[in-house]
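Coordinate inspection notes
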Amino acid sequence: MTKRIGICAVQGAFAEHCAALERIGAVTVIIRGKEELRGLDALVLPGGESTAQGLLLRALGLFEPMRKMIKEGLPAYGTCAGMILLAKDIENDSRRHLAIMDIKVRRNGYGRQLSSFNVRGTFAGLDDVEMPFIRAPYISGTGSGVEVLAETDGLATAARENNMLVTAFHPEVTDDTRVHEYFLSMI
Ligand code: GLN
């Protein structure tokens, strides 16, 4: 059956996730209001600016329903800012957002400005995955139920806990769809 993936589109790099998922046969649904949350098989929280996204999710009435759906097991993939939204703990910020996943993250972990770079690395046993980092956070702590799926220079940059997947990097801006395929396999 075709999978319907909601893409949170309040701010940030949502169009790239739509394109990547459609290339591998999924149907994507742009989410800007809570009516659009019906009938989804999974949800993507894209990169962008986590502070702005957190405010917009609340203002648009998406925050509570999304939080409940993910807590109840809806597969969710947070990229970069989306990872910050899912994290229970943010090392260098007093704000907390959805705070569901048992990870601690460091925002702008590589510095603020000259901090965008590309590496190739291993993700979940898949070799040579292109990993663009754009003012990215990294994962500085994980709870016992969290599996680290990628490391860059000794820092965790992708992880999974049950129905939640996060990457600090942006596979949606590359031609490689393997991270998105991995996410669809979680449904
Ligand atoms: N630096 C951004 C934040 O803290 C995340 C950057 C991104 O999503 N590319 O929200």
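Look above for the structure.
Residues numbered from 1 in each chain as written. Predicted model: local features only at pLDDT ≥ 70, side-chain atom pairs only at ≥ 80, totals over all residues. Heavy atoms only, no water.

Things to note about the side chain of Thr-79
Put simply, the rule is: Helix and strand definitions follow DSSP, with helices as H or I runs of at least four residues and strands as E runs of at least two, each counted in order from the N terminus. In this analysis, two residues are considered to be in contact whenever any of their non-hydrogen atoms come within 4.5 Å of each other.
Topologically, Thr-79 is positioned in strand E4 (residues 76-79). Excluding residues within four positions of it along the chain, Thr-79 makes contact with His-17, Leu-45, Pro-46, Gly-47, Thr-167, Phe-169, His-170 and Glu-172.

A look at the site of the ligand
Threshold: A molecule or strand has a residue near it when one of that residue's heavy atoms lies within 4 Å. A 3.5 Å cut-off defines polar contacts: any pair of N or O atoms within that distance qualifies, except that in protein one atom must be a possible hydrogen donor and the other a possible acceptor, and neighbouring residues in sequence count only when both atoms are side-chain atoms. Here the nonpolar group is Ala, Val, Leu, Ile, Met, Phe, Trp, Tyr, Cys and Pro; Asp, Glu, Lys and Arg are the charged ones; every other residue, Gly included, is treated as polar.
In the vicinity of the ligand, the contacting residues are Gly-47, Gly-48, Glu-49, Ser-50, Cys-80, Ala-81, Ile-84, Arg-107, Asn-108, Ile-134, Arg-135 and His-170. Within the backbone of Ala-81, a nitrogen or oxygen atom sits 3.0 Å from an oxygen atom of the ligand. Take His-170: an N or O atom from its side chain is 3.1 Å from a nitrogen atom of the ligand. Classifying every residue of the shell around the ligand by side-chain character gives 4 nonpolar, 5 polar and 3 charged.

Thoughts on unusual backbone geometry
Which entries qualify depends on this criterion: For every residue, the accessible area (1.4 Å probe, protein chains only) is compared with the maximum for its type, and the residue is labelled buried under 20%, exposed over 50%, or partly exposed between those bounds.
At Asn-108, a position not held by glycine, the phi torsion is positive, near 45°. Positioned with a positive phi, Ala-124 is a non-glycine residue whose angle comes to about 50°. Within the secondary structure, Ala-124 sits in the loop between strand E7 (117-123) and strand E8 (126-133). Using a relative accessible area of 32% as the deciding quantity, one classes Ala-124 as partly exposed.

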